[in-house]
Structure formats: structure tokens, C-alpha cells
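Inside the fold
Read off the chains here:
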Amino acid sequence: MHSPTEHAPDPPRPYAQQLATVALTALAPATWGTTYVVTTELLPPGHPLFAGMLRALPGGLLALAITRVLPRGDWWWKAAVLGALNIGALYPLLFVAAERLPGGVAATLGATQPLMVAGLAVVLLHVRPTAWRLTWGVLGVLGVGLVVLGPQARLDTVGVVAGLGGTAAMAAGIVLTKRWGLPAGVGPLTLTGWQLTAGGLLLLPLTVALEGAPPRIDAGAVGGYLWLGSVGGLIASTLWFRGVGKLPVGASAPLVLLSPLVAAAIGIALGESLSPWQTFGFTLALAALLAAQLNAPSPPGGTARGLPRMRDDHIREGRT
């Protein structure tokens, strides 16, 4: 039986249109790659809840004011769950990881998300990843690790747990977003507003009770909060949820590899240099990101053996 939010699968889109969707979606994790340098260079330390709340709640309320659409029926609790996972849990854990770990180490933990998404997709979407995408997912993590990990990497236990926890929360949010789709007449900006507001409201009392505001917020911190809340929050999240709704789950998840690659590129721009191994890792991670957008090649004279081809390109919004 189909629920009211379900509709027939979208017709196949031209290659150029899907390529444009991939490019727009990729802007979100590319923007998120700036979070590490903004957090360490501009924001007051020791206030991850405050940073997460400011990144979420103002943008969410703005989106609600623009769209003027509130959830209906079971979408009240669905929006709350997605907001808790994609915003309420992810944002503060991300800032904890960014404060306690070198940016590259935190980004590498985030690069494991495609593998987490693949595992959750088996359970929640009944979608088995192809050997092609699973292999490139592992190679992508390896590539990012070669870029950012080294003898000087400082592995703080709390930071590692926070990084993995935030990655797992967002992975669950991606899969549930794909499973639930959108109710009729609701667009990505509306969904983003629901989630940012729900996540921000979850963080607000926790921020007041456990952390409070930083004792001093200078001009640099104001600029950092504005960047993270606007471009890195509302705009990037809208592009991301739009892409998650349109792209196969196995194609959208690997785009998060752009986040650590952008973080590494920023480091290079600030004067860091890449060793030959790091250059190889950067190339490998980029190749993994691009390869995940392609279907596995079939051997001549038959279909590929092993795991069945991923059918998530037919799981559209609202189909379960």
C-alpha cells in the first residue's frame, strides 16, 4: 500500500541534467570543508553547542518565514527525527571534532560516511551496494587518509568518537531522507527549514543549560558564524537535501569526500605542501568520488557477477 507521500518513479533524466544535479549537490560538502578552518581560526573555543545552534536555528526560522509551510501529520515527528540526526547531533559533534582534532583527521572520519550509508541502505532501503561502489568507497577513505594522516596526526579519543558519531548521524539522516521522500508540494527549502529549526530548537536548551554564550565574540567570530549559518548552513543544506532526493543514495553519499579534499586544499593555500604519497591520495580520493557516479561496467557477453547492481536509482522520494 502506498502512503499519501508516494508517487510513481521519476522518468529517466538526461545525462546532462543529472550531471548538473551532481554538481549542485557537490557544492554542499565542498562548502562544509571550510568548517574546520573557520572553527579553529575564527570561532571562540569550547562552545560547540553554541556554534551548532547558531548555525541551525536562525537559518531554519528564515526558511520557515520564506516558505510559510509547516509539517502535517506524521511529518511532525519525521522532521524532528531528521532534524535531530542531520542537525541536532551532527553540528555540535562536528564542532567538537574540529576543536579536538586536526582538521584533516576530523575530515577523514567524515570520509567513512559512504560506507556507513551503504550499510544502512541494506537495512532500511533493502538496497545492496554494488561491488563497484563499495570498492571505490573504501578507496576513497584510503585516499583521504593518505592526504591528511601522518606521524604528526593527533588522535584525541573524544574527538574521534565525536567525529564518528556525527558521521553516523548524518549517514542515518541521508538514508531516512531517501526512504521517506517528501510530501506533495514540499520542496528542498521547506525540508531544510523544518530540519534546521528542529535541530536548532533541540540545541537551544542544551546550549543554555550546559554551555552558554562565549564570553567574547569578536568581529572574526561574527563573520565565522554568519558564514557557517548562511552559506554553510541554509544554502548548503538546501542544495544537499535537494540532491539526496534526486540522486541515487550510492551516488550522493560519496560526494562527502569533497569536504576533506577542500579542507586539504585550504591547507595548501595557507602554505602547506603535499608529499608524493599525499598527492597520490588526493588523486585516489578524487577518482573514487567520480567513479561512484558511474555504473559498474559489465563484462563482455554478460552481466557483472557478484553483488547485484544497486537499484537505488529507482528509489525516489517517498518510495519504501
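The following refers to the structure shown. (Residues numbered from 1 in each chain as written. Predicted model: local features only at pLDDT ≥ 70, side-chain atom pairs only at ≥ 80, totals over all residues. Heavy atoms only, no water.)

**Comments concerning the overall build of the protein chain**
The number of helices and strands found in the protein chain is 13 helices and 0 strands. Each helix (α) and strand (β) of the protein chain, taken in turn from the N terminus, gives the series α-α-α-α-α-α-α-α-α-α-α-α-α. Looking at the protein chain as a whole, 51% of its 320 residues qualify as buried. Considering only contacts within the protein chain whose residues lie at least 6 apart along the sequence, 91% involve residues at least 24 apart. Of the roughly 14,700 Å² of accessible surface on the protein chain, a fraction of 70% belongs to carbon and sulfur atoms. (Helix = DSSP H or I, 4+ residues; strand = E, 2+ residues; numbered from the N terminus. Buried < 20%, exposed > 50% of the residue type's maximum accessible area, 1.4 Å probe, protein only. Contact = heavy atoms within 4.5 Å. Areas by Shrake-Rupley, 256 points an atom, 1.4 Å probe, with all protein chains shown as cover.)

**Examining the pattern of salt bridges**
Summed over all chains, the structure comprises 2 salt bridges. A salt bridge links D74 to K78; its shortest N-O distance comes to 3.5 Å. In this structure, D218 and R216 form a salt bridge, with 3.7 Å as the shortest nitrogen-oxygen distance. Judged by its relative accessible area of 33%, D218 is partly exposed. You can call R216 exposed: its relative accessible area is 62%. (Salt bridge = Lys/Arg side-chain N within 4 Å of Asp/Glu carboxyl O.)

**Some points on empty space enclosed by the protein**
Summed over all chains, the structure comprises 4 cavities of 30 Å³ or more. The computed volume of the largest cavity comes to approximately 320 Å³. Lining the largest cavity are 28 residues, and of these W32, L90, L94, Q113 and M170 sit closest to its centre. Elements with a contribution of two residues or more to the lining of the largest cavity: α1 (15-32), α2 (35-41), α4 (75-100), α5 (103-110), α8 (157-180), α10 (219-246) and α12 (258-269). Residues belonging to the lining of the largest cavity are distributed by class as follows: 18 nonpolar, 9 polar and 1 charged. (1 Å grid on protein atoms, 1.4 Å probe; cavity = no way out; pocket = protein on both sides within 12 Å on 5 of 7 lines; lining within 4 Å. Points joined across faces, edges and corners; volume = space filled by probe spheres on them. Nonpolar A, V, L, I, M, F, W, Y, C, P; charged D, E, K, R; others polar.)

**Some points on helix α9 (residues 188-210)**
For α9, which comprises 23 residues, the first-to-last C-alpha distance of 32 Å matches the rise-based estimate of 33 Å (1.5 Å per residue) to within 8%. T190, L191, T192, G193, W194, Q195, L196, T197, G199, G200, L203 and T207 are the residues of α9 that are buried. For α9, the elements touching its buried residues are α3 (48-67), α4, α8 and α10. Where α9 terminates, the next one or two residues include G212, which has phi positive at roughly 75 degrees. (Expected span 1.5 Å × (residues − 1).)

**Some thoughts on the packing of aromatic side chains**
Evaluation of the coordinates by the stated rule reveals 5 aromatic pairs. Relative to W240, the ring of W32 has its centre 5.6 Å away and its plane inclined at 65 degrees; by these criteria the two rings are edge-to-face. Of the two residues, W32 sits in helix α1 while W240 sits in helix α10, which places them 208 residues apart along the sequence. Exposure class is identical for W32 and W240. Each is buried. Centre to centre, the rings of F50 and Y225 are 5.6 Å apart; their planes meet at 80 degrees, and the pair counts as edge-to-face. (Phe/Tyr/Trp six-rings, centres within 6.5 Å; stacked < 30°, edge-to-face > 60°.)

**Details of the nonpolar core**
One finds V117, I174, L191, W194, W240 and L255 to be the most contacted residues of the largest nonpolar core, which totals 49 residues. Those residues within four positions of V117 in sequence are excluded, and the remaining contacts are A171, I174, V175, V249 and A253. Counting residues in each nonpolar core, the second largest holds 12 residues, with L49, M53, L57 and A221 among its members. (Core = buried A, V, L, I, M, F, W, Y, C linked by side-chain atoms within 4.5 Å.)

These results come straight from atomic positions and should not be treated as a statement about function.
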